[in-house]
Amino acid sequence: MQGPPTDLAGLELGELESFVESLGHKRFRAKQIYRWVWKRGVTDFAQMTDLSQELRAALAGAATVSLSDVIKHDVSEDGTQKFVLRMSDGKQIESVFIPDTPAQTFCVSTQVGCAMGCAFCLTGKMGLVRNLSAGEITAQVRLLARSLDLLDKSFNIVLMGMGEPLHNYEATMKALRMLNDKEGLGLHPKRVTLSTVGLVPMMDKLAGEALMPNLAVSLHASTEETRGAIVPLNKKYSMRDVIEACERFPLAKRRRIMFEYVLLAGVNDSPQDARKLVKVLSGVKAKVNLLPLNAAPGIPFERPSDEAINAFAKILADRGLNVSVRKSRGRDIRAACGQLIVEGQGGRKSAAQKLAAEL
Ligand code: SAH
Ligand code: SF4
């Protein structure tokens, strides 16, 4: 009996070659198919005109090329665009396009929701609903590139949408391989930044990968006590553990780890916090990205004043740290960091708790 059609958009080139072979065709045909899917954004086999009629018919009978539905598309006053995508099981995720920062950037999700429960993050409030597959992670890139006419242009990707990428490690790495393939988008790993809340064993695993993205680490505090109060994972992997993992993380020449630091008024934004942060980062090739809180209903914190933000940044800069303050993009359409949440699909507690317990 024939099974369900194979989704070619979820396959790496090697897997696609085996699939084409299983249909009784030559392996090299897979490269042509890969190019159609990735370089030209084609989903209909009839349009793959350099394949034989016979292969096209075989593909139509045994395969699909999925593309998620866009169910909402908002454009912010500042040019940021938010796409709400619906996947085949009806679950929804969000992807964001941020123009000219200085390159075009796609902010991509790796999970529906997130199990980590950081106290200031709306996605964390959803709990983990499920992991995305590599095909679903990369589909966001195909869809945005196609919709925005950027398939043959260069762009950057930040894994800073919904979810914790290192909590969905295998699918995330497979997605990077699929995006990197030269028959497809040929996206260099230097164009990808993976942001993690600090899953130390997975950071060590990442350190051994052939395709190594830039690393961003969500630190958010300069003492164990403060970090423990806002990042539940700190109980399992302390700030010290995370910093040590950063110290041993291999970096290419002139590369630095980006430390993200959400600024919360009265919690971690004092001059003393800034001075401690300098000490904490003294052994790491670091740059710091300050993220003034994007406030939202249900988030029990406040954004510091501009004066407090600038004073904090100045202390770091005066002590020689490379520091930037993230401009909050797309706040009017709730596309800014930590504002990604799709209502009405909170994780069933049991599933989310089970995964959280595995950490
Ligand atoms: N899970 C990963 C990546 C996704 S979140 C991580 O935590 O690193 C991307 C960034 O947005 C993280 O640094 C996160 O701490 C930050 N963020 C979350 N909620 C935020 C909020 N309300 N305001 C500003 N930044 C926020
Ligand atoms: Fe998850 Fe990152 Fe949000 Fe923390 S900040 S809950 S790790 S998405």
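Keep in mind that what you see is a predicted model, and the values were worked out from it rather than measured. (Residues numbered from 1 in each chain as written. Chains lettered and ligands numbered in written order. Predicted model: local features only at pLDDT ≥ 70, side-chain atom pairs only at ≥ 80, totals over all residues. Heavy atoms only, no water.)

### Observations regarding the site of ligand 1
And step 1. Lining the immediate environment of ligand 1, one finds 19 residues, of which Phe120, Ser195, Ser218, His220 and Asn294 sit closest.
And step 2. Between a nitrogen atom of ligand 1 and a side-chain N or O atom of glutamate 164, the distance comes to 3.3 Å.
And step 3. At a separation of 2.9 Å, a nitrogen atom of ligand 1 approaches a polar backbone atom of asparagine 294.
And step 4. Its free accessible area being 530 Å², ligand 1 has 95% of it covered by the protein chains.
And step 5. Those elements that provide at least two residues to the shell around ligand 1 are β10 (192-196) and β12 (257-263).
And step 6. Classifying every residue of the shell around ligand 1 by side-chain character gives nine nonpolar, eight polar and two charged. (Near = heavy atom within 4 Å. Polar contact = N/O pair within 3.5 Å; in protein donor to acceptor, adjacent residues only side chain to side chain. Areas by Shrake-Rupley, 256 points an atom, 1.4 Å probe, with all protein chains shown as cover. Helix = DSSP H or I, 4+ residues; strand = E, 2+ residues; numbered from the N terminus. Nonpolar A, V, L, I, M, F, W, Y, C, P; charged D, E, K, R; others polar.)

### Quick notes on empty space enclosed by the protein
And step 1. This structure, assessed with the given rule, holds one cavity of 30 Å³ or more.
And step 2. When its volume is computed, the largest cavity comes out at roughly 30 Å³.
And step 3. Together, Leu176, Leu179, Asn180, Leu187, Pro189, Val192 and Leu211 line the largest cavity.
And step 4. Broken down by element, the residue count for the lining of the largest cavity peaks at three residues, all from helix α6 (residues 169-180).
And step 5. Partitioning the lining of the largest cavity into residue classes produces six nonpolar, one polar and no charged. (1 Å grid on protein atoms, 1.4 Å probe; cavity = no way out; pocket = protein on both sides within 12 Å on 5 of 7 lines; lining within 4 Å. Points joined across faces, edges and corners; volume = space filled by probe spheres on them.)

### Digging into the layout of surface pockets
And step 1. Computed from the structure, the second largest pocket encloses a volume of approximately 250 Å³.
And step 2. As for the second largest pocket, its lining consists of 13 residues, of which Asp7, Ser66, Met87, Ser88 and Glu136 are closest to the centre.
And step 3. When residues of the lining of the second largest pocket are assigned to their parent elements, the largest contribution, three residues, is made by helix α5 (residues 134-147).
And step 4. Counted by class, the lining of the second largest pocket contains three nonpolar, six polar and four charged residues.

### As for the sheet that holds strand β11 (residues 214-218)
And step 1. Taking strand neighbours across the sheet as the criterion, the ten strands line up as β3-β4-β5-β6-β9-β10-β11-β12-β13-β14 in an open arrangement whose pairing is mixed. Of all strands in the sheet, those bounded by a partner on one side alone are β3 (69-75) and β14 (322-325). Strand-to-strand twist of the sheet, defined as the mean angle between neighbouring strand axes without regard to direction, takes the value 20°.
And step 2. With three bridges connecting them, strand β6 (residues 105-107) and strand β9 (residues 156-159) associate as parallel partners. Bridge pairing in β9 links cysteine 107 to valine 158. (Pairing = 2+ DSSP bridges. Axes fitted to C-alpha atoms, helices over the stretch in contact; angles between N-to-C directions.)

### Here we look at the domain arrangement of the protein chain
And step 1. When cut into domains, the protein chain gives domain 1 (6-64) and domain 2 (69-358).
And step 2. For domain 1 versus domain 2, the distance between C-alpha centres works out to 33 Å.
And step 3. On the domain 2 side, the residues contacting the 15 residues of domain 1 number 14 residues.
And step 4. For the domain 1 and domain 2 pair, buried surface summed over both sides reaches about 1,400 Å², with 54% attributable to carbon and sulfur atoms.
And step 5. Linking domain 1 with domain 2 are three salt bridges, by the criterion used here.
And step 6. For glutamate 183, the salt bridge goes to arginine 35, with nearest N and O atoms at 2.9 Å. (Domains from an automatic or database assignment. Contact = heavy atoms within 4.5 Å. Buried area = accessible area lost by both parts, 1.4 Å probe. Salt bridge = Lys/Arg side-chain N within 4 Å of Asp/Glu carboxyl O.)

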